[in-house]
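# Chains, contacts and geometry: an overview
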Amino acid sequence: MNRPERFRPPSVDEVLRSPHCELALARHGRPATTRAVRQVLERMRQTEPPHPAPVKAIAERALACLEDQERPSQRPVINLTGTVLHTNLGRALLAEEAIDAVITAMRSPTNLEYDIEAGKRGERDAHVRDLVRELTGAEDALLVNNNASAVLLVLNTFARDREAIVSRGELIEIGGAFRMPDIMARAGAILREVGTTNRTHLRDYAEAIGSATGLIMKVHTSNYMVQGFTAAVEPAELAALAHQHDLPFVDDLGSGTLIDLARWGLRHEKTVQDALKGGADLVTFSGDKLLGGPQAGFIAGRKELVAQLAKNPLKRALRLDKLRLAALEATLKLYRNPDRLADRLPTLRLFTRPVAALRILAERVQPHVADVLGSGWIVEIADCSSQIGSGALPLETLPSAGITMKPSGKASGAALDKLAAAFRALPLPVIGRIAQGALVFDLRCLEDEDAFIGQLRLLNPEAGDALA
């Protein structure tokens, strides 16, 4: 009786000495290649039936494993979700001027904290401070890692072990279950809620002020809107109340914009300038949302208050590196010429793409997708509604156009999931959304049409499960 031949793997050394392993050794070195060979042999022992193991196959699998490990974890993708400022996909795209500035800063030492004229130590925020003052009218400004950091620093400086008065209707939660009350607690501030979810009056704030009060804060509800039977206090009234009691009034804009978006047909969003004119002593806002720059948190306002913030030891822990400061400086300089801003700032360019141009783009793209998917799928041009994203302008939608893909037979969620996975498995992953029984590609953010079409030949819809 013939018995199956037992699995007899070659030794690791035998594989490493074979000519089939020379490429892996040359590209990745002996330690990494040795680990990969061992991993391949172990998987073969556990998952494959007994058979002789050719050295060539083991070496090829080890090389494939090494090449996969070398691929960057953070990769470019094509965003066809319909959300322009998609938090999970990196939010704002940087302008070419900002990219060039970052590359320059990466290649050599810079005067990050060095005053060249004085020949002594300088301050890193000085590279953007004057620009912020020029564009917003603020007396002074400083930069930190993001807007949550900005709020944390303000609360820790002016309300540590003291009360921060905030309306109940403004105790927001942003992405990832990150809540304003939690930030306050970590900052050492004592939250003093006033009013109700839908209605807060000036008297609510006034009655809450006492010897333990550190500041009054207004939080911009940038990712939702309360409508109906509502009441809120105007910032100017809150500022006047705060100043009567020698308290700082802080306006947290969340996203934050430096220019009125209404000039491009979007809904007006309160600008940093609006907040300062409304009486805010300090305004906090983000760099990588509506502003269209890298991740950063701005604090702009009264000079003496900014000086106190700069002295807080947390400021050093939350400071920006030279790369983001370089990108911010280049981005802010674009705002000096508002007439060209929509052409030079990618975020605004994507917001303002005409729907007619997107329909023409959809007409060019649709035949290519239909051809590669074949008769098993119905691929149609469709009107879409894009979103701003990242908690900005929650009710604002942008008329857009795209394509929808549905199975030609009975609609199947599994088939749609498999197709979405196949698009994500392309060399340049394509990210869409599944809605109303179809895979939807909103084309608002598709600017490299050739890259999208050029890789469609690699699409394998039937392999979606294996590639997911």
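See the structure shown above.
To start, this report covers the structure provided alongside it. (Residues numbered from 1 in each chain as written. Predicted model: local features only at pLDDT ≥ 70, side-chain atom pairs only at ≥ 80, totals over all residues. Heavy atoms only, no water.)

What follows is about the nonpolar core. When a protein is soluble and globular, its nonpolar side chains tend to lie buried together. Core analysis: the largest hydrophobic core is formed by 56 residues, its most contacted members being Ile216, Phe285, Phe298, Leu332 and Phe351. Setting aside residues up to four positions removed in sequence, Ile216 forms contacts with Ile165, Tyr205, Ile209, Leu238, Leu241, Ala242, Pro248, Phe249 and Val250. Ranked by size, the runner-up nonpolar core spans 28 residues in total, among them Phe158, Met180, Ile183 and Val219. (Core = buried A, V, L, I, M, F, W, Y, C linked by side-chain atoms within 4.5 Å. Buried < 20%, exposed > 50% of the residue type's maximum accessible area, 1.4 Å probe, protein only. Contact = heavy atoms within 4.5 Å.)

The phi dihedral of Arg91 is positive, around 60°, even though this residue is not glycine. Note that Arg91 resides in the loop between strand 1 (78-79) and helix 5 (96-107). Accessibility expressed as a relative area gives 23% for Arg91, which makes it partly exposed. The backbone of Gln436 shows a phi angle near 50°, a positive value even though the residue is not glycine. One can find Gln436 in the loop between strand 16 (433-435) and strand 17 (438-442). (Helix = DSSP H or I, 4+ residues; strand = E, 2+ residues; numbered from the N terminus.)

Time to look at the state of the cysteines. By definition, a disulfide is the covalent link that joins the sulfur atoms of two cysteine residues. Within the structure shown, the criterion is met by 0 disulfides. This cysteine, Cys65, is not joined by any disulfide, and Cys21 carries the nearest cysteine sulfur, 12 Å off. Among the cysteines around Cys445, which has no disulfide bond, Cys384 carries the closest sulfur, lying 12 Å off. (Disulfide = S-S within 2.5 Å.)

Considering all chains together, one arrives at 28 salt bridges under this definition. Between Glu170 and Lys218 there is a salt bridge; the shortest N-O distance is 2.9 Å. Placement of Glu170 in the loop between strand 5 (163-167) and strand 6 (173-174) and of Lys218 in strand 9 (residues 213-219) is noted, with a sequence separation of 48 residues between them. Glu170 sits in the buried class, given a relative accessible area of 7%. (Salt bridge = Lys/Arg side-chain N within 4 Å of Asp/Glu carboxyl O.)

Here we take up helix 8 (residues 180-187). Residues of helix 8 that are buried: Met180, Ile183, Met184 and Ala187. Take helix 8 and look down its axis: the buried residues cluster within an arc of 100°, on one side only. For helix 8, the exposed residues set more than 90 degrees away from the buried face come down to Ala185 and Arg186. In the stretch just after helix 8, Gly188 is the one whose phi turns positive, near 85°. (Arc of directions from axis to C-beta.)

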